[in-house]
Amino acid sequence: MFSTNSTSFLLFFTCFTSLANAQQKMLGFKDAARQAAIEQRFDKELSRTHIGETIKSLSAKPHHIGSENGAALAEDLVKRFRSYGWDAKIQTYQVLFPTPKERVLEMTGPTTYKAVLKEPALEEDATSGQEGQLPTYNAWSADGDVEGSLVYVNFGLPEDYEYLARTGIDVKGKIVIAKYGRSWRGSKPKVAQEHGAIGCIIYSDPKEDGYYAGEVYPAGAFKNEFGVQRGSVMDIVIHPGDPLTPNIGATANAARVQREQAINLLKIPVLPISYHDAAPLLKALDGPVAPDDWKGALPFTYHIGGGNAKVHLKLSFNWDIKPCHNVIATLKGSEAPDQWVIRGNHHDAWVNGAADPVSGLAALLEEARAIGALYKQGIKPKRTLVYCAWDGEEPGLLGSTEWVEEHAAELKEKAVAYINSDNNGRGYFNASGSHALETLVNEVAKEIIDPQTQVNLLERKQANDVLKAGSVKQKKDRLAKLYMNIGAMGSGSDYSSFLQHLGIPSLDLGFGGEDVGGEYHSIYDSYDDYSRFKDPGFYYGETLSKAAGHTVLRLANAEVAPFDFRRLYETVNGYVNELVELTTSMREATLLENQLIAKNYYRIATDTAKHLAAPGSKSLVPYLDFSSLQNALANLDSVTSSLSFTASSANAPVNKGIYKAEQQLLNEAGLPSRSWYKHTLYAPGFYTGYGVKTIPGVREAIEQRRWTEAQQQIGVVAASINRLSAYLQQLK
């Protein structure tokens, strides 16, 4: 509850006592009507017009990490927070951040072409021609001056290289060109490097987000022929943050490794290009015609190459230590000041960043303004609120990771939860995170109205899920559900360090699905683009403020921390069933595939003109013993089915015990080959990057056919679940 000495609030609260019957029971609260009154008052302080003004102001200039504009924006944010009544400061780290010194891409045979590597300014986009823009590049590419035959590798996935092997094409010593999509951009050069490529080019095909998808910018939302997606290719699945200071905060005096020793940096040069620059390169390719599912939307036949088409790629970078300015604002809790509810969104952008990240940041600031207005009227949160605007997210979650690493011990004691947002737009409510918070998310979603349809967020989400279901059974199953399952967290935003490194319960909230376009990480991610195509009228900016704000306020004010560990059990039980089914299906598929290979069916059935070799046979899938994991789940089932925390019996030790429970799911040794990631349930996939792998130690070992490791990791995960069960049993 908020503590209050305001007579006006008491009068206001009296007007809402009728909510007691209408309001559903809130997890963790004795008096739902009182909390509902506070949230109603919070909502009245929000202004979508103000959110739009904030987006326009904060995206007025390019503001990447280390830039003068970036530093000025951080100072602006401090002033805003202080004007709202918060204590605010800048905490600066010193981090490595490369910027381009030289970029050359040219075709040297059979014809010549020199890439433009430039996005033109547009009259319709007021900020597209400004000074201070970072050029088109991939941060953390290696320096390099290479020349070789060009090979088209589709999306650059591991299975694409399996197909290349069947064609007899080897990328060793060659330069590859891959399409954006289907995997995180950093996975594409990583896989290319593993296969011996000497360079990697990544382009945006018009089939994914260009003219094939819709009208191009500025007439429409989609990528024009010169648009380029900048972005990091740091191997964040090894660890995010400053490459030179793994596991410690990158303070001015921090011990640093040599760049050559950094384990999350690539060894080959990588460059993103537009489809204007990609077209001449792809058109020059010879070799086999690409299979149908490799073909894009450019107006010529796609070939794989590996022959006469040759390119020269030359890249060099300034490898500078740059200041990384986090803005940290706090409102001290009235009853439990040492319990922190943390809310964050980054402030740095590749260029102007109206959508990414300013749309989410503007919503966060509007929450802070509204909460500050209540605070000034005497309506104070029970727990301390910490609102953060992170720097350096775009190059690899630098600001949040360094802050978390420096304050790790304190955060593990005090952090109740971390609530993240990033870019936001028109569409459906999306939530992912710790599944013990799933009930809280559902309660919030039921009470906030979608601005377009005037139904609640949960109902609109369910309608979309039902209509997108692929079968009648799936439609019926989704129609019968009375709640939304939140997603599992991979990576790609600032929650990663909180959840996957420290085990702090986390959520990532936002709207989207009706805001598609091609502006991502380009100079066209501008206010002009955003206000036309992403969230006209800024209705979903205000709705995000409500959803995140209500979540924060309930975590701050509940008598007992609003965690539902039964939902966690149900989710993990589903993950384990998936793993058992995955192993069974792989076993059956391997037996059948090996049989088809042995019978020469691939040779008999394949068009001989394609000269496509049969795939190689694979080792048989053994029977893994999941019993320790299943037994651990049975124990968790028993504990959580009888677990009940009542608001009337809540106290500081009980609350601290509840929010620290997720830390029992950490394995201090970390995941195989990447010890920074310690959570046994959630991690970014080794080859998917942003995409999540649930129970990653087991799942990835199975997928990559490392059977001994899979069995060992089953035991690791079982031990973590048993720790959680024993811990929760003690809290009863």
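What you are looking at is a predicted structure, and each value in this text was computed from that prediction instead of being measured.

Criteria and thresholds
Residues numbered from 1 in each chain as written. Predicted model: local features only at pLDDT ≥ 70, side-chain atom pairs only at ≥ 80, totals over all residues. Heavy atoms only, no water. Helix = DSSP H or I, 4+ residues; strand = E, 2+ residues; numbered from the N terminus. Rg over C-alpha atoms; globule rule 2.2 N^0.38 Å. Contact = heavy atoms within 4.5 Å. Areas by Shrake-Rupley, 256 points an atom, 1.4 Å probe, with all protein chains shown as cover. Salt bridge = Lys/Arg side-chain N within 4 Å of Asp/Glu carboxyl O. Buried < 20%, exposed > 50% of the residue type's maximum accessible area, 1.4 Å probe, protein only. Right-handed = clockwise from strand over helix to strand, strands pointing away. Polar contact = N/O pair within 3.5 Å; in protein donor to acceptor, adjacent residues only side chain to side chain. Disulfide = S-S within 2.5 Å. 1 Å grid on protein atoms, 1.4 Å probe; cavity = no way out; pocket = protein on both sides within 12 Å on 5 of 7 lines; lining within 4 Å. Points joined across faces, edges and corners; volume = space filled by probe spheres on them. Nonpolar A, V, L, I, M, F, W, Y, C, P; charged D, E, K, R; others polar. Pairing = 2+ DSSP bridges. Phe/Tyr/Trp six-rings, centres within 6.5 Å; stacked < 30°, edge-to-face > 60°. pLDDT = per-residue confidence, 0-100. Axes fitted to C-alpha atoms, helices over the stretch in contact; angles between N-to-C directions. Parallel < 35°, antiparallel > 145°, perpendicular 65-115°, else oblique. Left-handed = near helix turned anticlockwise from the far one by under 90°.

## Description of the overall build of the protein
What the protein contains, in helices and strands, is 24 helices and 16 strands. Computed over C-alpha atoms, the radius of gyration of the protein comes to 26 Å, within 12% of the 27 Å expected from 2.2 N^0.38 for 732 residues, which places it in the range of a compact globule. In terms of overall dimensions, the protein has a C-alpha envelope of 80 × 60 × 55 Å along the principal axes. Put simply, of all contacts in the protein between residues at least 6 apart along the chain, 80% involve residues at least 24 apart. When the accessible surface of the protein is totalled, it reaches about 27,200 Å², and 50% of it is carbon and sulfur.

## Quick look at the pattern of salt bridges
Applying the stated rule across the entire model yields 28 salt bridges. Measuring nitrogen to oxygen at the nearest pair gives 2.8 Å for the salt bridge that ties Glu-39 to Arg-554. Of this pair, Glu-39 sits in helix H3 (residues 32-45) while Arg-554 sits in helix H18 (residues 539-557), and the two are 515 residues apart along the sequence. Note on Glu-39: relative accessible area 3%, which makes it buried.

## Here's the deal with unusual backbone geometry
Cis geometry is found at the peptide bond from Gly-109 to Pro-110, where omega equals 5°. Of note, the phi angle at Leu-397 is positive, near 55°, even though the residue is not glycine. Classification of Leu-397 as buried rests on a relative accessible area of 3%. A positive phi is found at Arg-705, a non-glycine position, where the angle reads about 60°. With respect to the secondary-structure elements, Arg-705 resides in the loop between helix H23 (696-703) and helix H24 (707-731). The class for Arg-705 is partly exposed, based on a relative accessible area of 22%.

## Some points on the pairing of strand E5 (residues 175-179)
Counting buried positions along E5 yields five of five residues, so the element is predominantly enclosed. This β-α-β element, E5 to helix H7 (residues 187-194) to strand E6 (residues 199-203), shows right-handed connectivity.

## Some words on H23
Within H23, seven of the eight residues are buried, which leaves it mostly tucked inside the rest of the structure. Along H23, the residues classified as buried are Pro-696, Gly-697, Val-698, Arg-699, Glu-700, Ala-701 and Ile-702. Next to the buried residues of H23 lie helix H19 (565-598), strand E15 (682-684), strand E16 (692-694) and H24. Two residues or fewer after H23 comes Arg-705, characterised by a positive phi angle close to 60°.

## Digging into H7
Burial analysis of H7 places six of its eight residues in the buried class, which makes it a mostly covered element. Taken together, the buried positions of H7 are Ser-187, Lys-188, Pro-189, Lys-190, Val-191 and Ala-192. In the segment just after H7, Gly-196 is the residue with positive phi, at about 90°.

## A few points about the environment of Glu-39
Taking the C-alpha atoms as reference points, Glu-39 and Gly-492, 453 residues apart in sequence, are found 30 Å from one another. Dropping the residues within four chain positions of it, Glu-39 is found in contact with Met-26, Glu-447, His-550, Leu-553 and Arg-554. In this structure the side chain of Glu-39 is engaged in a polar contact, spanning 2.8 Å, whose partner is the side chain of Arg-554.

## Examining the state of the cysteines
Two cysteines, two sulfur atoms, one covalent bond between them: this is a disulfide. Inspection of every chain in the model, using the stated rule, returns zero disulfides. Cysteine Cys-324 shares no disulfide, and the gap to the nearest cysteine sulfur, in Cys-388, comes to 12 Å. By relative accessible area, Cys-324 is classed as buried at 0%.

## Some points on the layout of surface pockets
Space inside the second largest pocket adds up to approximately 730 Å³. As for the second largest pocket, its lining consists of 23 residues, of which Pro-158, Glu-159, Glu-162, Lys-618 and Glu-703 are closest to the centre. Elements with a minimum of two residues in the lining of the second largest pocket: helix H6 (158-167), H19 and H23. Here the lining of the second largest pocket takes five residues from H6, the largest share from any one element. Across the lining of the second largest pocket, the residue classes break down as nine nonpolar, four polar and 10 charged.

## So, the environment of Lys-534
As for its position among the elements, Lys-534 is in helix H17 (residues 527-534). Separated by 26 residues in sequence, Lys-534 and Asp-508 place their C-alpha atoms 19 Å apart. Those residues in contact with Lys-534 that lie beyond four places of it in its chain are Ala-355, Gly-425, Arg-426, Asp-515, Val-516, Gly-517, Glu-519 and Asp-529. Separated by 3.1 Å, the side chains of Lys-534 and Glu-519 make a polar contact.

## Section: the pairing of strand E4 (residues 144-152)
By the criterion of burial, E4 is predominantly enclosed, with seven of the nine residues buried. Where E4 lies against strand E9 (residues 305-331), seven bridges are found, and the strand directions are antiparallel. Its bridge partner lying in E9, Gly-148 is registered against Val-311.

## Brief notes about the packing of aromatic side chains
With the rule as written, the count across this model stands at 26 aromatic pairs. For the pair Trp-86 and Tyr-387, a centre-to-centre distance of 4.9 Å together with 55° between the ring planes defines the contact as tilted. Of this pair, Trp-86 sits in the loop between helix H5 (68-83) and strand E1 (87-109) while Tyr-387 sits in strand E11 (residues 383-390), and the two are 301 residues apart along the sequence. Judged by relative accessible area, which is 2%, Trp-86 ranks as buried. Judged by relative accessible area, Tyr-387 falls into the buried class, the value being 0%. Residues Tyr-137 and Phe-317 carry aromatic rings whose centres are separated by 6.2 Å and whose planes lie at 40° to one another, so their mutual orientation is tilted. A residue pair is termed long-range when its members are at least 10 positions apart, and Tyr-137 in the loop between strand E2 (113-114) and strand E3 (138-139) and Phe-317 in strand E9 qualify at 180 residues.

## What to know about the confidence of the model for the protein
In low-pLDDT segments, the atomic positions of the prediction should not be examined closely. Counting all residues, the mean pLDDT for the protein is 95, and 96% of those residues have values of 70 or more. Helix H2 (residues 19-22) is the least confidently modelled element of the protein, averaging 38 in pLDDT, while E11 averages 99, the highest of any element. A low-confidence stretch, residues 1-23 stays under pLDDT 50, and its non-local contacts, those more than four residues away or across chains, total 50 contacts.

## Comments concerning the packing of helix H21 (residues 627-641) against H24
Two elements in contact, H21 and H24, have axes whose closest approach is 8 Å; the angle formed by their N-to-C orientations is 15°. Put simply, H21 runs roughly parallel to H24. For the crossing formed where H21 meets H24, the hand is left-handed. Residues Ser-628, Leu-629, Ala-632, Leu-633, Asn-635, Leu-636, Val-639 and Thr-640 of H21 form the contact with H24, whose own contacting residues are Ile-714, Gly-715, Val-717, Ala-718, Ile-721, Asn-722, Leu-724, Ser-725, Leu-728 and Gln-729. Considering only residue class, the contact of H21 with H24 consists of 11 nonpolar, seven polar and no charged.

## A word on the packing of helix H10 (residues 354-376) against H18
The relative placement of two packed helices is expressed as an angle between their axes plus a distance between the axes. Packing of H10 against H18 leaves a shortest axis separation of 8 Å and a crossing angle of 55°. Put simply, H10 runs oblique to H18. Considering the relative orientation of H10 and H18, their crossing is right-handed. Contacts between H10 and H18 involve Gly-360, Ala-363, Glu-366, Glu-367 and Ile-371 on the former and, on the latter, Gly-541, Leu-544, Ser-545, Ala-548, Gly-549 and Leu-553.

## Here we look at the environment of Gln-663
With respect to the helices and strands, Gln-663 occurs in the loop between helix H22 (652-659) and E15. Remark: the alpha-carbon pair of Gln-663 and Asn-308, spanning 355 residues in sequence, is separated by 55 Å. Not counting chain neighbours up to four residues away, the residues in contact with Gln-663 comprise Lys-412, Leu-502 and Gly-503. Side-chain polar atoms of Gln-663 contact the backbone oxygen of Lys-412, separated by 2.8 Å.

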